[in-house]
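Each chain is listed here by its residues.
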Amino acid sequence: MSVHLVNPSDHSFGTAVITPRWLFVLASATPRSVGDPILVDESIEVIDPATIAAGDIVGISVHSANVLRGYEVGRIAKERGATVVYGGIHATLFPEEPFERGCADCVVKGDGDVVWGRVVNDCLAGRQQRVYDGGKIEGEEFLAARWDLMDPAKYMWASVQTIRGCAKHCSFCSVWRTDGQKPRQRAYQSVIDEIVDLRRRGFRFIALADDNFYPVTLTDLRLARQQNDLIKLESLERVRGERFALMAELAKLPKDMVFFTQITMEAAEDTGYLDAMKKANIKGALVGVEAVTPEGLKSVFKDFNYSGEALARQLQTFKKHGVHVLGSFIFGLTTDQPSTFKATVDVALRSGVTFAQFVMMTPFPGTVDFARWEKEQSLNPTMVDGTPITRYWLIPTRIRPTMLTPHPSMSPEEIMERTQGVWDRFYDWKSVWTRSACTPSLRARLAFVLLSKLYRQMYAGTGISTDSARRQKAKSSARWIARQTRKIFQAKPMPDLVGPIWEPKAKPRNTGLVYLG
Ligand code: B12
Ligand code: SF4
């Protein structure tokens, strides 16, 4: 009997940019009594059904963008006689759907770290429950990943999570609902142990797969002080103190390491924090800019962001303190007008962001936007090929509308065309070459250009590009660029790297692996 864990994907590039962390965390949670699980990441290559035997357990992770392929994998596994288990954010939000569409035997909601072992043992004993709830576990219970089961030659970046949850409540984001608004912080010792393991294996580029790396703002602290809420103040200061402790430890790791994370723009108020990030080699962060106008920000419940010139200054502050920004912008908001596209690309170019992404407004399930849209649609639902548009993830991608929510004055075609224009302008050769001047050598500069083009091409496959011929061309060139780019990220393994030895008292539970050098 084998346990298989499958990360479904419609696009297999042979090389992936970032490791899907859940795969290696669930591998860690798999009981040792059943042996090592077989891991399949379809963003590298598609699953071979012949590897599944009757009686095997197949765990599939689904988010809303890959769920259709996930259900196909479930049907394949069922035909081979396996027990099929679903988990991940989409299964958490729609636990009945995998039974209706994907031949599920069980569905796991919430975090899998703790509950997965029980699920496997129950399946083996033939007493599996229909639905399990893994809940929101505490940070100290997060498992370290089984990187020994990963093929380092297939990934550019590894991913390590240091914190889960976000205190904000942006209308387009499901994180604060599914992962909670209370940040759950992992013990920094466990994070460092895992990173040392990865560096030994030749990974020096690591994505800190966090929702928000800046969980406590100066405003949070000021308000707690003003309200004389000493318990809250103490808890906020502890979380913040642990962030600095983590960064201080990251700073002691080999100097060639590069970290990347996600953070709110508020961090620019706290230059001490940015300086600590720089010292910790956190060289870049995705910042959700979303909109460049106050109306746009208000419409997505993100008034804590800046707009106009103040926004450009805020983003420049990151750069001045040595943290590169990947600015993330949304198009298709009801407040957008034809002039918004040019205004946005102008701000993106002026504010010194190193990379940018321009995504289409998508009502992801679990968000405020989705709930509002579903309510509007309930009166007179739009159907596509027999499926209500509010279940768009079930519509085959070739006929799935790219713009789902109607815009008051622009057609979907106009929005897509203008968005495409913004991508083209931001990533034209001249702009990329100018931005590449931030690199220290000619080799790094060329790597920067390749990476910019790769980023641009990969997005062309996710709906930004309008016709399938263009998508296909983008896909094959992305495959080629991905192979070349991976070589740039490869580092010489450091098998003898000595990790810190923690005080026994400070040692967190469930660290998985222990490094004594
Ligand atoms: C890092 C990250 C990325 C990275 C890396 C992706 C990768 N290769 O892993 C990048 C930047 C590339 C990315 C891209 C995208 N992402 Co993303 N990403 C994240 C983020 C911040 C963390 C994911 C992570 O690694 N978590 C750590 C692991 C350990 O946690 P986990 O995946 O939740 O898994 C746990 C449980 O869910 C459960 N579980 C998961 N799978 C399974 C399976 C079984 C069988 C079981 C039992 C349990 C189980 O157990 C795990 C351990 O506790 C999440 C936010 C979040 N909090 O989840 C968004 C998130 C998953 N992304 C999201 C989105 C929308 C995207 C994009 C579609 C964005 C876009 N417009 O292009 C793309 C899709 C790319 C793709 N095709 O996969 C949404 C998904 C929303 C939804 N309803 O599906 C999220 C939730 C963010 C959000 N703002 O809402 N993403
Ligand atoms: S978009 Fe970012 S800041 Fe807003 S709720 Fe989601 S994770 Fe938090």
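Rules used throughout
Residues numbered from 1 in each chain as written. Chains lettered and ligands numbered in written order. Predicted model: local features only at pLDDT ≥ 70, side-chain atom pairs only at ≥ 80, totals over all residues. Heavy atoms only, no water. Helix = DSSP H or I, 4+ residues; strand = E, 2+ residues; numbered from the N terminus. Rg over C-alpha atoms; globule rule 2.2 N^0.38 Å. Buried < 20%, exposed > 50% of the residue type's maximum accessible area, 1.4 Å probe, protein only. Contact = heavy atoms within 4.5 Å. Areas by Shrake-Rupley, 256 points an atom, 1.4 Å probe, with all protein chains shown as cover. Near = heavy atom within 4 Å. Polar contact = N/O pair within 3.5 Å; in protein donor to acceptor, adjacent residues only side chain to side chain. Nonpolar A, V, L, I, M, F, W, Y, C, P; charged D, E, K, R; others polar. Arc of directions from axis to C-beta. Axes fitted to C-alpha atoms, helices over the stretch in contact; angles between N-to-C directions. Parallel < 35°, antiparallel > 145°, perpendicular 65-115°, else oblique. Left-handed = near helix turned anticlockwise from the far one by under 90°. Disulfide = S-S within 2.5 Å. Salt bridge = Lys/Arg side-chain N within 4 Å of Asp/Glu carboxyl O. Pairing = 2+ DSSP bridges. Phe/Tyr/Trp six-rings, centres within 6.5 Å; stacked < 30°, edge-to-face > 60°. Lys NZ or Arg CZ within 6 Å of the ring centre and 35° of its normal.

Describe the overall build of the protein, listing the residues and the values that go with them.
From N to C terminus, the protein includes 18 helices and 17 strands. Computed over C-alpha atoms, the radius of gyration of the protein comes to 23 Å, within 12% of the 24 Å expected from 2.2 N^0.38 for 517 residues, which places it in the range of a compact globule. Each principal axis of the C-alpha atoms in the protein carries an extent, and together these give about 60 × 60 × 55 Å. The buried share among the 517 residues of the protein stands at 54%. Counting only contacts in the protein whose residues sit at least 6 apart along the sequence, the fraction spanning at least 24 positions is 75%. A total accessible area of about 22,500 Å² is found for the protein, and carbon and sulfur atoms account for 55% of it.

Lay out the site of ligand 1 in plain terms, naming residues and giving numbers.
Residues in contact with ligand 1 amount to 32 residues; listed here are only the nearest, S61, S64, D113, D179 and D211. Separating a nitrogen atom of ligand 1 from a backbone N or O atom of G88 is a distance of 3.5 Å. Taking D179, its side chain carries an N or O atom lying 2.5 Å from a nitrogen atom of ligand 1. At the level of elements, α1 (21–29), β4 (57–61) and β5 (83–87) are the ones that each hand at least two residues to the shell around ligand 1. Here the residues of the shell around ligand 1 sort into 14 nonpolar, 12 polar and 6 charged.

Go over the environment of F364, please, and point to the residues and values.
Within the secondary structure layout, F364 lies in the loop between β15 (355–360) and α14 (368–379). Relative accessible area serves as the criterion here: at 35%, F364 is assigned to the partly exposed category. With 45 residues separating them in the primary sequence, F364 and K319 have C-alpha atoms 31 Å apart. Contacts of F364, omitting those with residues within four sequence positions, involve S64, F370 and Y392.

Run through helix α13 (residues 338–350), naming residues and quoting values.
The α-helix advances 3.6 residues per turn, and as a result positions three or four apart in sequence lie on the same side. Looking only at α13, the buried set comprises T340, F341, T344, V345, V347 and A348. Take α13 and look down its axis: the buried residues cluster within an arc of 160°, on one side only. Residues of α13 that are exposed and point more than 90 degrees away from the buried face comprise S339 and K342. Buried residues along α13 sit in contact with α12 (308–320), β14 (324–331), β15 and α15 (412–426). Residue G352 follows α13 closely and has a positive phi angle near 75°.

Can you tell me about the packing of helix α8 (residues 218–226) against helix α9 (residues 230–250), naming the residues and giving the values?
For the pair α8 and α9, the least separation of the axes is 9 Å and the interaxial angle reads 155°. Taken as axis vectors, α8 and α9 run roughly antiparallel relative to one another. Every pair of crossing elements has a handedness; the one defined by α8 and α9 is left-handed. Counted together, L218, D220, L221, A224 and R225 of α8 and K232, L233, L236, E237 and R240 of α9 form the full contact between these two elements.

Tell me about the state of the cysteines, and name the residues and values.
Disulfide: a covalent bond connecting the sulfur atoms of a pair of cysteines. One pass over the full model with this rule turns up 0 disulfides. With no disulfide of its own, C103 has C106 as its nearest cysteine by sulfur position, at a separation of 13 Å. By relative accessible area, C103 is classed as partly exposed at 28%. Between C123, a free cysteine, and C106, which holds the nearest cysteine sulfur, the sulfur-to-sulfur gap is 4.2 Å. For C123, a relative accessible area of 10% gives the class buried.

For the site of ligand 2, give the residues involved together with the corresponding values.
Near ligand 2, the surroundings consist of C166, K168, C170, F172, C173, W176, D211, T264 and K302. In terms of residue class, the shell around ligand 2 is built from 5 nonpolar, 1 polar and 3 charged.

Please set out the pattern of salt bridges residue by residue, giving values where relevant.
Tallying each qualifying case throughout the model produces 27 salt bridges. We note a salt bridge from E234 to R238, for which the minimum N-O separation is 4.0 Å. Within this pair, E234 and its partner R238 are both found in helix α9, separated by 4 residues, close to a single helical turn. Overall, R238 belongs to the partly exposed group, its relative accessible area being 43%. The partner of D270 in a salt bridge is R240, with the nearest N and O atoms 2.7 Å apart.

Which residues make up the sheet that holds strand β11 (residues 205–208), and what values go with them?
Here we have 7 strands laid out as an open sheet, ordered β2-β8-β11-β12-β13-β14-β15, and parallel in their pairing. At either margin of the open sheet sits one strand with a lone partner, and together these are β2 (16–18) and β15. The average undirected angle you get between the axes of adjacent strands in this sheet is 25°. Pairing geometry for strand β13 (residues 282–290) and β14, over 6 bridges, is parallel. Within β14, the position partnered with G284 by the bridge is H324. On top of the sheet, α12 reaches β12 (258–263), β13 and β14; it is set at about 165° to β13, its chief contact.

Break down unusual backbone geometry for me, with residues and values.
A positive phi angle is found at C103, which is not glycine, with a value near 55°. Take C103: it is sitting in the loop between α4 (97–101) and β6 (106–109). Unusually for a residue other than glycine, E290 sits at a positive phi of about 65°. Classification of E290 by relative accessible area gives buried; the value is 5%.

Requested: an account of the packing of aromatic side chains, with residues and values cited.
Two aromatic rings are characterised by how far apart their centres lie and by the angle between their planes. One pass over the structure, following the stated rule, counts 27 aromatic pairs. Ring geometry for F370 against W373: centres 6.0 Å apart, planes inclined by 70°, an arrangement best described as edge-to-face. Here F370 and its partner W373 are both found in helix α14, 3 residues apart, which amounts to about one turn of the helix. For the pair F370 and W373, a shared accessibility class is recorded, and that class is buried. Across from the ring centre of F142, 4.3 Å away, lies the NZ or CZ of R164, which sits over that ring.

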